[in-house]
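# A look at the structure
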Amino acid sequence: MVDDKAEIGHYVVTAHPSGSVLSAVQCSFLSANSRDVVIAKSTRIEIRQYQPPPTADIANDDIQNCSTDDHHFPLLLTLPINGRIASLSPVRFNNSSKDCLFFTTERGGYALISYDDQLAAIQQQQQSSAALSSLRSSSPSKKQQQQNENNDDDDIIVTYDSIIGEHYPIRTHASGSLTSYSTSVIAGGRRAECGPLAAVDPLHRCIALHLYDGFVTVIPIHRGYDINSPRTTPGTAAAADGGKQPPRGMTSTLKPFGDAFHTRIEQRTVLSMTFLKTHPTRSTYIPQLALLYQDARGFQHVISHGIDLTKKCMVLYGSTNAAASTTGMTHNLSSQDDAIEIDGKPAASVMPPPGEQLRKSRIEGGSAMLISVPPPKTAGGGTKANALGGVLILGQRQITYHSTAEGATKVLPIGQALLLSCCPVVEKEGSSSSSSSSSGDEDMLRYLLGDETGRIHLLVVGRKGGLVTNLHFETLGTASVSSALVYLGNGMVFVGSQFANSQLVQILDSPVPVSAVSSGVEESEDMNPLEETTYLQTLEEYTNLGPIVDFDLRPTGDESKDDNAGTNHHRQSVVVTCSGVAKDGTVRLVRNGVGMREQAEVEMEGIKGMWSLRRGFHEQDDTFLVQSFVRETRILGVQRSKDIEMEGSKDDMDDNNEEEEGGALAEVTIGGFNSSKSTLFAGNVAVGGSDLLVQVVEDGVRVVDSATLDMVTDWSPFRGEDDDSEDDEPIGFITVASANESGQIVVALRGGTLVYLCVESNNSKPTIRRVKSVTLEREISCIDLRPFESTSLSDNDAMEVDGARTSRKSERSHLVAVGLWDDFSVRLLNLNESSNALDQLLHINLGRSADANIGNDAEEQAADGGQHMMARSLCLVSMESQSTNATSAVNRSTSSTNKVDMLFVGLGDGKCISFGVTQPESTSDEWLVHSRKEVSLGTQGIQLVPFQHGERACVLATGDRPTVIYLTGGNSGSNSNPKLCYSTISLTVEDDDEEEGHASHRNISVNVAAPFRSSLLFSSTNKNNSSLCVADENTLRLGTIDDVQRLHVTSYKLGMTPRRIAHHEAGRVYCVGCIGGVGAGEGAQIGGEANMGNCVRFFDDSTFEEVNRIDLEPFEMILDITSASLCTTSNSSSESYKPFILIGTAYSYPDEDEPSQGRVLVVECNSGESGNLKSDSEDEMVTRFVRHVTQMPTRGGVYSITPFYGGTVMITVNSKTHLCKLSLSDNEIGELKLVGAGHHGHMISLYCKSLAGVRSGKGGSSGKQLAIVGDLMRSISLVEYLPKHQVIEELARDYNANFCTAIEMLTDNIYLGSENFANLFVLRHNADAPSEEARARLDTIGEYHLGEMINTMKLGSLVMPSNAGNPSAKSDTKTKSDKSSFEGNAIEVVVGSQTLFGTVDGTIGSILGLGGSTFAFLGCLQRAMFAVVRPVGDLSHERHRHYEADGRVRPSRGFIDGDLIESFLDLNRPTMERIVKWMNDDGRWRIRDDGSGISGQSQQNLMDTEEGDTNDYPAQNSLSVEDVLTAVEEISMLH
């Protein structure tokens, strides 16, 4: 049970970002003449760039033959925006070869930004100069600062303070809020019904915005503005308001924008607007704004108005130059110095003659978009100086071209289609794709159009003699339903979608069958002419979960042992979403961690160690798998299937899939290996010209020739040396061993002796030479000898060709890491042969002290009192710092690969400690470790196994929660620091408990593991996959793992719109309510979606095969689906529970505003296991079935069903709330009945939630049976069921008018809700209040603007539960050991409830309850980041998070922005230090609030100083950067 004290505040963070594309434009944003695609997704901007294959510059025909992998469309930069993006447009100034971005937000904010090359270079140089190899280093040293000051590059001057607050390489030229002065000018103005509209003049003279009905806002552009003007010191200038003052970092001499002004227009409902195109340099006409609008009678028209920038007014249609114009309302109108100029001359103020002004009345109804067409060419191929272009009007049944200046109108009838997106087809900058074929006065324009069914059309506009001669419309094929289209050139198109995955699509020269494109088969000559064809081929898809209409949780982890824990609340879960619309409807499985697909398995007990060997050192595939047992070694070898002998097949690991691929694993022998003893180490060695294998057993080291597999030399600790060694050879068995590919071997003998050996071969027989040794004070527990890689790879280093290792270079290690028994430290010993002994380079304390570098003096080691486990495994590895922003090609001049040297220590209690290692730059420098990080990966001892996943070095930590450790961030061009990530491995195994067996997903322990690569066994082995051999106590498994990333998404297509989903764990099915199916086409014409053949489909939760389907009646809609265990007996002494699926529906007839009929369907589904069902024959396969148990008609729609206490369910029917109970007779005939009297008093009860589904027993913590009800308009109310009287009584309600979209009950007294203005709110019931009025009111304790509308939320988590996040596992009081073990401040992270939510834009987020001290700390950090970190566009983060609904605007409270908090990990070090200094000056991070409030407590008691803290505890006077980093990293792992 979650305590209310862990719900003082709430932490909102994104688990999976939005993939819904709102708009996209192409411009040169990152560099001059680049063709970048800028994509707006909810509250962030992404910049991608299409990189054509090398053959792109030869011919377009060659591109058609390129493979899919040759086309790249990488993500280069991601920018978070403080506001939901409403419009996005490029703007270019006269003296710039790059484009700026102008964007607006839905709340009226706007900004003009550009990419800052100089700042990006400064950030990159600071990253490298401040030791990129350090994940978390201290401030730059004096030596580094001196190097920066003496930098020879005059263009880049790196200073310590120059990057404080600068997180993104973005320069803000203007920003502000349009609503700041709109309210004073447009009193009582109504927001535009069709949303904010924006248009930029083609000559970049002004920007027009339609924000309010009846008004157009115009922002003049100063085209002579220099975007490269010098920057000022950050923070010296205030942020701009309305573009009047430049933002921080900009000079105040120049302004990009003039003063914005508002003009009235007669047209109220504006559907679309665009500027008419004219001659780019010789035109004297003022900007002409064309509007597509609808009048009061429903007719649609097109009209144009002029914008006089000199007089700051709108010139209405029909006005001449001397005619009166509309009054312009200017905000802070400036003097004549603000006159707009074009190329140094005053802007033109000539209005076109009335005969040329655009107007078209009574166009086809349903038109929704205008496309501006450039003016036609003259006979000489040029364009008239004052020629105005026309417009294309896109309707649902026709496309109209109209130009009043030409006196031409062309109408092209088309089939029924709602066109949603369009883009011009332009191959080169400023020229049409057909310009190469145009001649004289003939030219051709081409446009791509996308409709609501996903079809992509090509519209061709042919012109001759200055007139449009024809319009041609052709359908190319079907893709995702597009909200944005961008033509990239060379036949490539980016299809951005709000309703499905976005795509990179290629337009083919000739049509191919749809089946050939979907299956990847090339076009055949004998193609069926009647088969459907397409010109489109999808090359790549980009995940978009939106819109998430509903989701449920499927548990994957073991159930919590806590008695109060529920089925899903304290278990790691997979999120199963209803995503997409119509043909793009899908069910998505979102899981945390890395998935491993089993290829084969065999029962094999007692494996103690595994190693993979290659037959040849330079081969890319592994050949042998060495397995160590107690007093035995076995070897499995990869052989071709035809070469495997049948005898001994019971010990072989043969699989049908492997036979098809031509290979299998069989037991083999290596003659030179000792198979009668346990192997301590095995590996490949290349020395000189010799290709060798090494085996270490307890009595010696054996070296084997890889070609003959015969032993060539050996070494034994019991045998003396023939050389002139001063010391006698130590005698003792080998206990631990490690080696590397260069021939270096280190073995540990009994008694704590460490011996360094070296395999040598100088064109002769290989030999083993004993180099030196040392005796330590304790027995050795673990050693590692893996060498660190150099920071930049040369041409002679390992190369990657199609992900394969084609050449290798063995590198020698300079040190060995050693761990001892009964010692909580690690030693680094020197291997250089210049010394006769293994000298200690560094003694590393594994405790959380301020300095882990103890040095060479053992007396300086910090005493840990034996409370920590010792090191069981060590791993030295150089990990590549990879950015999550793909290839980070922003700084294309930098091609070096940065490596981070790491030391990982695996402990016996399941913890993993990591350090960054700094190598000495000179002989006078010392080895150092830094960036200590401790993570609990389970409860069992772990072994660390390094492996290569494509080009990325990773580490596998075994144990009861096997985890892949990898590094992200920190690449050149990225705006993130390198940081470690941990992803658990989820395995798909077969349940052997039942005779039939059934595939299930669960976490199993891994005792030993080894990487194993084989092209014979795995046909899918490539650079994106790697294969592993893992073993537990009884089973050896071989499989491939997915891409190493935090979240994985799997899609299953439905072909119809999913509406509701529930996972039925007992039946192992997904129950999906869908819109569509048979008769959908007829239903679409009668009654809309209500009569579209709604159905309920059942899918197996492992294979996703459809088990059954229930078709609903005409006009019946699915409102809710849930899985619940119902009590089937009325005898309280012997209650029996049985799981069922309950489906709530409503009959939505066209003539009813509110449904008057509905029903509740009760369905039973079996899991298909023979143990649960009876069959006539034991050999007969038991089929799965779905049985309709009963149904209950209702007088209204069943909007919500939730499990309730005592095996009942609570339902909401229209405005009523009822309790239902199932009675089941002996013949399995059931009846669902209403219990007692229901509750009335709502408008429409949309949602109902209780904690019965996550608790056992007949009541909550207070013994009451509580539930909350979410109303359409009346927010949330708390109800209680009284079993004695069988009535539902309202206890309290929220009196605010919140239009609920989702609700959740966190505890008995804390409730979470979301409403339709994209806000979150938290309510608290004060059950112990003294007055009845206070007890009957739900108090609002938290308000927060999310920016996306939430459709559903559920209690649960994507990650494995951790004791660190469980407040019940923590003591209420601190003991001395809680603080005295650490130097500095240990921030306690207390987390309560965990709630997942899904939004319309496809975001999956998590909301965590916070304890009082945690909330105070994070709140202080959030305020510090507000003050220090500069947001993109200088848009206020605090203003963005304000709660705003129906004119009510209140500051956010009770919530922490987790995305902002976790961005602290990516900041540069100077910014981190400035933030921590701000926190220490503020001091409020010390506040301790247990939920009782400040009243009654003194200010001193609220601070983190208790009685008894005076001498025993270190004074918490200030925070350090390490303290904040540790706390933020800890909470980032809890969601």
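Residues numbered from 1 in each chain as written. Predicted model: local features only at pLDDT ≥ 70, side-chain atom pairs only at ≥ 80, totals over all residues. Heavy atoms only, no water.

## Section: the packing of helix 10 (residues 1412-1428) against helix 16 (residues 1521-1532)
Selection criterion: Axis definition: a line fit to C-alpha positions, over the contact stretch in the case of helices; interaxial angles, taken between N-to-C directions, run 0 to 180 degrees. Note on conventions: DSSP H or I runs of at least 4 residues are helices, E runs of at least 2 residues are strands, and numbering of each starts at the N terminus. Orientation labels follow simple angle bins: below 35 degrees gives roughly parallel, above 145 gives roughly antiparallel, 65 to 115 gives roughly perpendicular, and whatever is left gives oblique. We call a crossing left-handed when the near helix sits turned anticlockwise from the far one by less than a right angle, and right-handed when that turn is clockwise. Residue contacts are counted whenever heavy atoms from the two residues lie within 4.5 Å of one another. Basically, the charged four are Asp, Glu, Lys and Arg, the nonpolar ten are Ala, Val, Leu, Ile, Met, Phe, Trp, Tyr, Cys and Pro, and anything else, Gly included, counts as polar.
The N-to-C vectors of helix 10 and helix 16 enclose an angle of 110 degrees; their axes lie 12 Å apart at closest approach. Taken together, helix 10 and helix 16 sit at an angle that is classed as roughly perpendicular. Crossing geometry of helix 10 relative to helix 16 is assigned as left-handed. Contacts from Phe1417, Leu1418 and Leu1421 in helix 10 reach Val1524, Ala1527, Val1528 and Ile1531 in helix 16. Split by residue class, the contact of helix 10 with helix 16 holds seven nonpolar, no polar and no charged.

## Topic: the confidence of the model for the protein
The condition is simple: Confidence of the predictor in every single residue is expressed as pLDDT, which spans 0 to 100.
In this model, the protein carries an average pLDDT of 79, and 74% of its residues clear a pLDDT of 70 or more. Every residue in residues 130-158 scores below 50 in pLDDT, and together they form 53 contacts with partners more than four places removed in sequence or on other chains. A low-confidence stretch, residues 322-327 stays under pLDDT 50, and its non-local contacts, those more than four residues away or across chains, total eleven contacts.

## Some words on the sheet that holds strand 8 (residues 109-115)
Just so we agree on the cut-off: The pairing criterion for strands is at least two bridges between them, as found by DSSP.
The strand order across the open sheet formed by four strands is 6-7-8-9, and the pairing between neighbours is antiparallel. The open sheet has two edge strands, strand 6 (85-91) and strand 9 (170-177), and neither has a second partner. Neighbour-to-neighbour, the strand axes of the sheet open up by a mean angle of 15 degrees, direction not taken into account. Sheet topology note: the strand 8/strand 9 ladder contains seven bridges and is antiparallel. Within strand 9, the residue paired with Ala111 across the bridge is Ser175.

## So, helix 10
Defined as follows: Given the number of residues in a helix, its expected span is that number minus one, multiplied by 1.5 Å.
Between the first and last C-alpha of helix 10 there are 24 Å, a value that for 17 residues agrees with the 24 Å anticipated at 1.5 Å per step. Those residues of helix 10 that are buried are in contact with strand 1 (9-16), strand 91 (1404-1410), strand 94 (1455-1457), helix 12 (1458-1462), helix 13 (1469-1482) and helix 16.

## Brief notes about a nonpolar patch on the surface
Note the threshold: Patch construction takes residues with relative accessible area above 30% that form no salt bridge. Like charges are linked within 9 Å, and nonpolar side chains (Val, Leu, Ile, Met, Phe, Trp, Tyr) are linked within 5 Å. Under the convention used here, a 1.4 Å probe and the Shrake-Rupley method define accessible areas, while residue burial counts only the protein chains that appear. Salt bridge, as used here, is a side-chain nitrogen of Lys or Arg placed within 4 Å of a carboxyl oxygen of Asp or Glu. Each residue is placed in one exposure class: buried if its accessible area under a 1.4 Å probe, protein chains only, is under 20% of its type's maximum, exposed if it is over 50%, and partly exposed if it falls in between.
On the surface, Leu418, Leu420, Phe499 and Val581 cluster together into a nonpolar patch covering about 250 Å² of accessible area. Following the sequence through the fold, Leu418 ends up in the loop between strand 25 (408-413) and strand 26 (419-424). Exposure remark for Leu418: the relative accessible area of 31% places this residue in the partly exposed category.

## Considering the pairing of strand 61 (residues 952-957)
Across the six residues that make up strand 61, a large majority, six, are buried. Side chains of strand 61 alternate between two faces, with Arg952, Cys954 and Leu956 and Ala953, Val955 and Ala957 buried alike. Sheet topology places strand 60 (residues 944-949) next to strand 61; six bridges connect them, and they run antiparallel. Pairing of Leu944 across the sheet is with Ala957, part of strand 61.

## Here we look at the sheet that holds strand 53 (residues 815-820)
If you walk across this open sheet you meet the four strands as 50-53-54-55, and the pairing is antiparallel. Only two strands of the sheet have a single neighbouring strand rather than two, namely strand 50 (780-784) and strand 55 (840-845). Strand-to-strand, the axes of this sheet are offset by a mean angle of 20 degrees, without reference to chain direction.

## A look at unusual backbone geometry
Following Gly546, the chain continues to Pro547 via a peptide bond in cis, the omega torsion being -10 degrees. In this structure, Arg631 is a non-glycine residue whose phi angle is positive, near 60 degrees. Within the fold, Arg631 resides in the loop between strand 39 (624-629) and strand 40 (632-640). Of note, the phi angle at Ala1318 is positive, near 65 degrees, even though the residue is not glycine. Tracing the chain through its elements places Ala1318 in the loop between strand 86 (1310-1315) and strand 87 (1319-1325). Its relative accessible area of 11% is what places Ala1318 among the buried residues.

## Focus: the environment of Leu476
Along the polypeptide, Leu476 turns up in strand 29 (residues 467-478). Note on Leu476: relative accessible area 6%, which makes it buried. The sequence separation of Leu476 and Leu508 amounts to 32 residues, and the corresponding C-alpha distance is 9.1 Å. Residues within four places of Leu476 in sequence aside, it is in contact with Leu448, Ile456, His457, Leu458, Ile507, Thr534, Tyr535 and Leu536.

## Digging into the packing of helix 10 against helix 13
Running from N to C, helix 10 and helix 13 point in directions that differ by 125 degrees, and their axes come no closer than 9 Å. Comparing the axis directions of helix 10 and helix 13 gives the class oblique. In this structure, helix 10 meets helix 13 at a crossing whose hand is right-handed. Within the contact between the two elements, helix 10 uses Phe1417, Cys1420, Leu1421, Arg1423, Ala1424, Met1425, Ala1427 and Val1428 and helix 13 uses Thr1471, Arg1474, Ile1475, Trp1478, Met1479 and Asp1482. In terms of residue class, the contact of helix 10 with helix 13 is built from ten nonpolar, one polar and three charged.

## Focus on the side chain of Asp295
Inclusion rule: For the purpose of counting charges, residues Lys and Arg are taken to be positive, whereas Asp and Glu are taken to be negative. His and the chain ends are not included. By the criterion applied in these results, polar contacts are pairs of N or O atoms within 3.5 Å in which, for protein atoms, one can donate a hydrogen and the other can accept it, and in which residues neighboring in sequence qualify only through two side-chain atoms.
Looking at the element boundaries, Asp295 is found in the loop between strand 15 (288-294) and strand 16 (300-308). Despite its burial, Asp295 pairs with no opposite charge, the nearest such side chain being Arg297 at 4.2 Å. At 3.0 Å, the side chain of Asp295 and the backbone nitrogen of Gly298 are in polar contact.

## What about the packing of aromatic side chains?
Selection criterion: Centre distance within 6.5 Å is the pairing criterion for rings of Phe, Tyr and Trp, where only the six-membered ring of Trp is used; planes under 30 degrees apart are then read as stacked, over 60 as edge-to-face, and the remainder as tilted. Both a distance and an angle decide whether a charge sits over a ring: NZ of Lys or CZ of Arg must be within 6 Å of the ring centre and within 35 degrees of the ring normal.
One pass over the structure, following the stated rule, counts 16 aromatic pairs. Ring geometry for Phe1115 against Tyr1149: centres 5.7 Å apart, planes inclined by 45 degrees, an arrangement best described as tilted. Separated by 34 residues along the polypeptide, Phe1115 in the loop between strand 72 (1106-1111) and strand 73 (1116-1127) and Tyr1149 in the loop between strand 74 (1137-1147) and strand 75 (1157-1165) bring together distant segments of the chain. By relative accessible area, Phe1115 is classed as buried at 17%. We classify Tyr1149 as partly exposed; its relative accessible area is 26%. Ring pairing ties together the aromatic residues Tyr1052, Tyr1070, Phe1099 and Phe1104, which thus form one cluster. A cation over a ring is seen here: Arg634 above Phe629, with NZ or CZ 4.8 Å from the ring centre.

## A short note on the side chain of Ser42
Mapping Ser42 onto the fold places it in the loop between strand 3 (36-41) and strand 4 (44-49). Side-chain polar atoms of Ser42 contact the side chain of Glu1348, separated by 2.8 Å. Setting aside anything within four residues of it in sequence, one finds Ser42 in contact with Ser18, Ser20, Leu22, Gly83, Arg84, Ile85, Glu1348 and Asp1401.

## Concerning the pairing of strand 71 (residues 1095-1100)
Most of strand 71 sits inside the fold, with six of its six residues counted as buried. Residues Cys1095, Arg1097 and Phe1099 of strand 71 are buried on one face, and the alternating residues Val1096, Phe1098 and Asp1100, pointing to the opposite face, are buried as well. The sheet contact formed by strand 70 (residues 1069-1075) and strand 71 spans six bridges and is antiparallel. Within strand 71, the position partnered with Val1069 by the bridge is Asp1100. As defined by bridge partners, strand 71 adjoins strand 72 across five bridges and the pair is classed as antiparallel. Within strand 72, the position partnered with Arg1097 by the bridge is Arg1109. Taking the residues that link successive antiparallel strands as the turn, the strand 71-strand 72 hairpin has five residues, and the phi of Phe1104 there is positive, at about 60 degrees.

## Considerations on the pattern of salt bridges
Between side chains of opposite charge, a pair can form when the charged atoms approach closely. By the definition in use, this model includes 44 salt bridges. In this structure, Asp117 engages Lys98 in a salt bridge whose closest nitrogen and oxygen atoms are separated by 2.6 Å. Of this pair, Asp117 sits in helix 2 (residues 117-129) while Lys98 is found in the loop between strand 6 and strand 7 (100-105), placing the two residues 19 residues apart along the sequence. One salt bridge connects Lys1138 with Glu1164, and the closest N-O pair in it is separated by 3.3 Å.

## Thoughts on helix 16
Compared with an ideal rise of 1.5 Å per residue, which puts twelve residues at 16 Å, helix 16 spans 16 Å between its outermost C-alpha atoms and is within 8% of the ideal. Among the twelve residues that make up helix 16, nine are buried, leaving the element largely enclosed by the rest of the structure. Considered for burial, the residues of helix 16 that qualify are Val1521, Asp1523, Val1524, Leu1525, Ala1527, Val1528, Glu1529, Ile1531 and Ser1532. Where helix 16 is buried, its residues touch strand 1, strand 59 (928-936), strand 91, helix 10, helix 12 and helix 13.

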